[in-house]
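Residue strings, one per chain:
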Amino acid sequence: MNDAIFQENVPLILHRAFRRAFSQALQCKLREKILSTEIVNRGIEDSGPYAGSLSFSVRVRRGFPDFLHSVNLKYVKLGYVYLISHGIYFVTAPILIVIFSAQIGKLTWQDLSLIKFDLPNALFLTGLLALILYVYLDLMPRSTYLVDFACYRPPTELKISKEEYIDLARKSGKFNEAAIKFQQRVLKNSGIGDETYLPRIVFRPGYKINLKDGREEAAMLLFGAVDTILAATKIPIKDIKILIVNCGILNTTPSLSAMLINHYKLRHDVQSFNLGGMGCAAGIVAIDLARDLLNVYKGSYALVVSTEVVSFSWYSGNELDMLLPNCFFRMGAAAVLLSNRLLDRWRAKYQLKQLVRTHKGMDDKSFKSIQLKEDGERKQGLSVSKDVMEVGGNALKANITTLGPLVLPVSEQFHFFTSLLFKTNSNNHKPSIPNYKLAFEHVCIQATSKKVLDEIHNNLELTEEYMEPSRKTLERFGNTSSSSVWYELAYLEAFGKIKRGNRIWQIAFGSGFKCNSVVWKALTSVGTPPKRSPWIEDSK
């Protein structure tokens, strides 16, 4: 998205022909540099030597990298390392059983008649087998089950349309005309609808970010999501052994996790964690942490709560790169109940199959792509750099390349791997993108923006059916940060798209820069929409 602006003033009669020819030529020239163009009409010149002529500019932006020409073998290797390390537990048992069965099969009735089955020997043999079985089951990671999840829908009075957003922003007196027009242009092309939720307090003239309003918004979102999940699952509070809360910007003392412990009177030995500053990808980070903790505290329940406090990240200045989060971030929260109890398999909705996290923080461009900072007037806000599309594309490419060996069918892996080998030996050979549609029935891509969804749609060659949950969530709820992928899964449930055995792929991005993926397998079909679905208007 590095802007290189070339401005020309041409007579109105030549405008259309010149614009088309120039755009095509520039696109061809810059195609290999991962750039995209946008022609901006600047109107008719009022004065100067070109008065009466049409003025326009060509803006060149950096976009997603071409996945086909930039696959890194080290991420493919990393995926196979994950596959081998996770598969060793499940391969060991069948091998031991085969060896043991082969040895038993060699025994004859005469051999068995010579064995003395006295009580001490029988007890010793039984104890030895029980010990072996216990050690194996203790060492083998237990499956993690998603018992249920809930998404919070804010009150109707907090709905704000795009037109009302601009009207309130103008009346607030905080933005100059250039900032107003910029937000208006971004909202128009954002993919966000007219029923998203914002705290109206941020538009009040003279409003300043404060902890009181931040805590109140956090309490409404967190308590709303947790109340819903507790009502849906009927899990006693005392059974929750692990609590993980993630919120990117608002980090208070006491923490948000402590606020939940106090409000719901959780047990005194609850394992509590509060993740902050990790952006929109923190929800999947929290799932990964919960899975590890469940392997330590076996037979427990883990409650994961994901949210973002918009009023505390709101920017009231005029720096354009810091105004983008205002246009996209909206209110929302999700609560997820996880378990590794074997008996919960029969009541759980999903089983966690794979989770891959990618962090590009070692690269300075990635590290600085999204950051909380102050502008020249010391007004705080999130700054989004012009390189964020390139950075996000590289992180996504690394993540899905690592994920591929864990989820793709063997035939597709062989096709992709041979294609990749030919690519390394030939500069003219174009490798194929793995067909991820063979690995998943549904994809939930974090509803960041229409442009990001379009880029992923084109690069991964997904169909509109795969993109539907993300696009609908962006339109209805906006970008709710780390909880976004759960609103998308709720959409699939609400419209009866989840069938037993379906595999669901959730992808999230976050500052740092991070790209995380988690894969779930549906253990049951969702025939009727959950009573408290955020997509059912009368469900509250």
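About the criteria used
Residues numbered from 1 in each chain as written. Predicted model: local features only at pLDDT ≥ 70, side-chain atom pairs only at ≥ 80, totals over all residues. Heavy atoms only, no water. Helix = DSSP H or I, 4+ residues; strand = E, 2+ residues; numbered from the N terminus. Contact = heavy atoms within 4.5 Å. Areas by Shrake-Rupley, 256 points an atom, 1.4 Å probe, with all protein chains shown as cover. Pairing = 2+ DSSP bridges. Axes fitted to C-alpha atoms, helices over the stretch in contact; angles between N-to-C directions. pLDDT = per-residue confidence, 0-100. UniProt positions renumbered as here; feature names shortened; annotations may be inferred. Patch = residues over 30% accessible without salt bridge, like charges linked within 9 Å, V, L, I, M, F, W, Y side chains within 5 Å. Salt bridge = Lys/Arg side-chain N within 4 Å of Asp/Glu carboxyl O. Lys, Arg positive; Asp, Glu negative; His and termini not counted. Charge placed at Lys NZ, Arg CZ, Asp CG, Glu CD. Core = buried A, V, L, I, M, F, W, Y, C linked by side-chain atoms within 4.5 Å. Buried < 20%, exposed > 50% of the residue type's maximum accessible area, 1.4 Å probe, protein only. Polar contact = N/O pair within 3.5 Å; in protein donor to acceptor, adjacent residues only side chain to side chain. Parallel < 35°, antiparallel > 145°, perpendicular 65-115°, else oblique. Left-handed = near helix turned anticlockwise from the far one by under 90°. Nonpolar A, V, L, I, M, F, W, Y, C, P; charged D, E, K, R; others polar. Phe/Tyr/Trp six-rings, centres within 6.5 Å; stacked < 30°, edge-to-face > 60°.

### Topic: the overall build of the protein chain
Across its full length, the protein chain carries 17 helices and 16 strands. The long-range fraction of contacts in the protein chain, counting pairs at least 24 apart against all pairs at least 6 apart in sequence, stands at 79%. By element, 58% of the accessible surface of the protein chain is carried by carbon and sulfur atoms, the whole surface being about 26,700 Å².

### Here's the deal with the sheet that holds strand S10 (residues 333–339)
Read from one edge of the open sheet, nine strands run S8-S7-S9-S10-S4-S11-S16-S15-S14, paired in mixed fashion. Either end of the sheet is taken by a strand with one partner, and the two such strands are strand S8 (271–276) and strand S14 (442–445). Recorded for the sheet is a direction-independent mean angle of 20° between the axes of neighbouring strands. As defined by bridge partners, strand S11 (residues 350–359) adjoins strand S16 (residues 514–522) across nine bridges and the pair is classed as antiparallel. Note on S16: the bridge partner recorded for Tyr350 is Ala522. Running over the sheet, helix H7 (residues 211–233) touches strand S4 (145–152), strand S7 (240–247), strand S9 (301–307) and S10 and is turned about 135° from S4.

### Quick look at the confidence of the model for the protein chain
Considering every residue of the protein chain, the mean pLDDT works out to 81; 71% of them sit at 70 or more. Note that pLDDT drops below 50 for residues 1–19; the model gives that stretch 47 contacts with residues more than four away or on any other chain. Note on residues 25–37: pLDDT is under 50 here. Beyond four places in sequence and across chains, it has 26 contacts.

### Side note on the UniProt feature "transmembrane region" (unreviewed entry) in the protein chain
Here the UniProt feature "transmembrane region" (unreviewed entry) sits at residues 80–102, 122–139 and 243–261. Between the C-alpha atoms that bound residues 243–261 the distance is 9 Å, and the span itself is 32% helix and 26% strand.

### What about a positive patch on the surface?
A surface patch of positive charge is lined by Arg345, Lys353, Arg500 and Lys521. Positionally, Arg345 belongs in the loop between S10 and S11.

### Structural notes on the nonpolar core
If you look at the biggest cluster of nonpolar residues, it comprises 134 residues, and the most contacted ones within it are Leu338, Tyr350, Trp486 and Trp505. Leaving out residues up to four positions away in the same chain, Trp486 has contacts with Leu146, Phe149, Cys151, Ile287, Ala334, Val336, Gln506 and Trp520.

### Some thoughts on unusual backbone geometry
With an omega of 0°, the peptide bond between Thr253 and Pro254 qualifies as cis. Following the sequence through the fold, Pro254 ends up in the loop between S7 and helix H8 (256–264). One non-glycine residue, Lys265, lies in the positive phi region at around 55°. Here Lys265 lies in the loop between H8 and S8.

### Section: the pairing of strand S13 (residues 380–384)
The element S13 is extensively covered by neighbouring structure, given that four of its five residues are classed as buried. Once strand S12 (residues 370–374) ends, the chain turns through five residues before running back antiparallel as S13, passing Arg378 with a positive phi of about 65°.

### A few points about the environment of Arg330
Examined against the element boundaries, Arg330 turns out to sit in the loop between helix H11 (320–328) and S10. Residue classification places Arg330 among the buried positions, given a relative accessible area of 3%. The sequence separation of Arg330 and Phe477 amounts to 147 residues, and the corresponding C-alpha distance is 6.9 Å. Discounting chain neighbours no more than four positions away, the residues touching Arg330 are Tyr165, Leu187, Ile192, Thr196, Tyr197, Leu198, Val310, Phe477, Gly478, Asn479 and Thr480. A distance of 3.1 Å separates a polar atom in the side chain of Arg330 from the backbone oxygen of Asn326. For Arg330, the side chain forms a polar contact with the main-chain oxygen of Cys327, separated by 3.2 Å.

### Regarding the packing of helix H16 (residues 464–477) against helix H17 (residues 484–494)
Where H16 contacts H17, the axes come no closer than 9 Å and their chain directions differ by 110°. As judged from the angle between their axes, H16 and H17 are roughly perpendicular. For the crossing formed where H16 meets H17, the hand is right-handed. Contact residues: Glu468, Pro469, Ser470, Lys472, Thr473 and Phe477 in H16; Ser484, Tyr487, Glu488, Tyr491 and Leu492 in H17. Class assignment for the residues of the contact of H16 with H17 results in five nonpolar, three polar and three charged.

### Looking at the packing of aromatic side chains
In total, this model carries 14 aromatic pairs according to the counting rule given. On the numbers, 4.9 Å between centres and 70° between planes, the contact of Tyr491 with Trp535 is edge-to-face. Linking Tyr491 in helix H17 with Trp535 in the segment after S16, this pair joins segments that are 44 residues apart in sequence. No difference in accessibility class separates Tyr491 from Trp535, as the two residues are buried. By the ring-pair criterion, three or more aromatic residues cluster together here, those being Tyr197, Phe477, Tyr487, Tyr491, Phe495 and Trp535.

### Brief notes about the pattern of salt bridges
For the coordinates displayed, the defined rule picks out 23 salt bridges. Glu464 is the partner of Arg471 in a salt bridge, and the nearest nitrogen-oxygen pair spans 3.5 Å. Judged by its relative accessible area of 45%, Glu464 is partly exposed. Taken together, the shared-partner salt bridges in this structure form one network comprising Lys450, Asp454, Glu464 and Arg471.

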